[in-house]
Amino acid sequence: MSAVPGIAPLREFVGAFGRLLDGGPDEPRILSEGGAFLRTLVARDDWLPDAYAQPDPTRYQQFLLHADSTERFSVVSFVWGPGQATPVHDHTVWGLIGMLRGAEYSQGYALGPDGRARPQGAAVRLDAGDVEAVSPTLGDLHRVHNAHADRVSISIHVYGANIGAVRRHTYPAEGGRKPFVSGYSNTLLPNLWDRSAELRSTTSA
Ligand SMILES: [Fe+2]
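Report follows, based on the coordinates.

What counts and how
- Residues numbered from 1 in each chain as written.
- Predicted model: local features only at pLDDT ≥ 70, side-chain atom pairs only at ≥ 80, totals over all residues.
- Heavy atoms only, no water.
- Donors = N, O, S within 2.8 Å, 3.2 Å for Na, K, Ca; no water.
- Buried < 20%, exposed > 50% of the residue type's maximum accessible area, 1.4 Å probe, protein only.
- 1 Å grid on protein atoms, 1.4 Å probe; cavity = no way out; pocket = protein on both sides within 12 Å on 5 of 7 lines; lining within 4 Å.
- Points joined across faces, edges and corners; volume = space filled by probe spheres on them.
- Nonpolar A, V, L, I, M, F, W, Y, C, P; charged D, E, K, R; others polar.
- Pairing = 2+ DSSP bridges.
- Helix = DSSP H or I, 4+ residues; strand = E, 2+ residues; numbered from the N terminus.
- Axes fitted to C-alpha atoms, helices over the stretch in contact; angles between N-to-C directions.
- Contact = heavy atoms within 4.5 Å.
- Phe/Tyr/Trp six-rings, centres within 6.5 Å; stacked < 30°, edge-to-face > 60°.
- Lys NZ or Arg CZ within 6 Å of the ring centre and 35° of its normal.
- Salt bridge = Lys/Arg side-chain N within 4 Å of Asp/Glu carboxyl O.

### Focus: the coordination of the iron ion
Then step 1. For the iron ion, the full set of protein donor atoms is His-89 (NE2), His-91 (NE2) and His-142 (NE2), and the range of their distances to it is 2.1 Å.
Then step 2. On the basis of relative accessibility, which here comes to 1%, the residue His-91 falls in the buried class.

### So, empty space enclosed by the protein
Then step 1. Across all of its chains, the model carries 1 cavity of 30 Å³ or more by this definition.
Then step 2. Size it by volume and the largest cavity reaches roughly 70 Å³.
Then step 3. Contributing to the lining of the largest cavity are Tyr-60, Gln-62, Phe-78, Thr-86, His-89, His-91, Tyr-159, Arg-168 and Phe-180.
Then step 4. Counted by class, the lining of the largest cavity contains 4 nonpolar, 4 polar and 1 charged residues.

### Comments concerning the sheet that holds strand 2 (residues 74-80)
Then step 1. Pairing is antiparallel across the open sheet formed by 5 strands, whose spatial order is 1-2-9-3-7. Only two strands of the sheet have a single partner each, and these edge strands are strand 1 (61-67) and strand 7 (131-134). The sheet shows a mean angle of 25 degrees between the axes of neighbouring strands, direction not considered.
Then step 2. As paired elements, strand 3 (residues 95-101) and strand 9 (residues 153-159) share 6 bridges and run antiparallel to each other. When the bridges of strand 9 are listed, Leu-96 appears paired with Val-158.
Then step 3. This element, helix 1 (residues 8-22), spans strand 1, strand 2, strand 3 and strand 9 of the sheet and lies at about 135 degrees to strand 2.
Then step 4. Against the sheet, helix 2 (residues 27-42) makes contact with strand 3, strand 7 and strand 9, and its axis sits at roughly 15 degrees relative to strand 3, the strand it touches most.

### With respect to the packing of aromatic side chains
Then step 1. The full count for this structure, using the stated rule, is 8 aromatic pairs.
Then step 2. Measuring from centroid to centroid gives 6.0 Å for Tyr-52 and Phe-63, while their planes differ by 85 degrees, and the two rings are edge-to-face. Of this pair, Tyr-52 sits in the loop between helix 2 and strand 1 while Phe-63 sits in strand 1, placing them 11 residues apart in sequence.
Then step 3. Arranged with centres 5.7 Å apart and planes meeting at 35 degrees, the rings of Phe-78 and Trp-80 form a pair that is tilted.
Then step 4. A connected cluster of aromatic rings, assembled from ring pairs, spans Phe-13, Phe-17, Phe-37, Phe-73 and Trp-94.
Then step 5. Directly above the aromatic system of Tyr-60 lies the positively charged group of Arg-59, at a separation of 4.6 Å from the ring centroid.

### Some remarks on the pattern of salt bridges
Then step 1. In the structure shown here, the tally under the stated rule is 10 salt bridges.
Then step 2. Its salt-bridge partner being Arg-101, residue Asp-45 comes within 2.8 Å of it at the nearest N-O pair. With Asp-45 in the loop between helix 2 and strand 1 and Arg-101 in strand 3, this residue pair connects regions lying 56 residues apart in the sequence.
Then step 3. Classification of Asp-45 as partly exposed rests on a relative accessible area of 36%.
Then step 4. Owing to a relative accessible area of 27%, Arg-101 belongs among the partly exposed residues under this scheme.
Then step 5. Between Arg-195 and Glu-198 there is a salt bridge whose closest N-O contact spans 3.3 Å.
Then step 6. Residue Arg-195 is classed as partly exposed on the basis of its relative accessible area, which comes to 37%.
Then step 7. Each of the salt bridges in this network shares a partner with another, and the network as a whole consists of Arg-11, Arg-195 and Glu-198.

Keep in mind these values describe shape, not function.
Next comes the structure, spelled out in structure tokens:
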């Protein structure tokens, strides 16, 4: 088959992920097999459309790339401007993080008896091609920041829900937690489904 440029790797990824979830796997299997799919996706950096790779000077961007039709999972590109960081936050569902471009640090946190989130363990550095998991069973609180102070980094995230519409929390330094719903930075989605070039390349007429 001839090479089909563009977004085909993402289409193949969401198809494979949907088929994985069709079998009703438990979370460890989702994270291991889905993590392998994500590792394949971020092993190449030639498929993310530029519109979903644009940083914003004021804050990190979260571009929805795909939401499953029954919201079993969603795929998001996180675009980190130089030095940008999240607050300490939770997810409430499983998540997979694959580094596409650049690098980031993820520092895990745990709640202390006084209700304050404290760093737990060493920060994990993700370089291009690396994949990490989060979930309420593995450790759900972290703070993420761009490892680079002078360039954009991009990670591809997969979550076990329509993550932009999940009620979550941030954990301020003074203790307690604040509700938040992340939403998305984009209103339009990439077109995964125009397979005409692929069909035309294999049609002799
Ligand atoms: Fe996160």
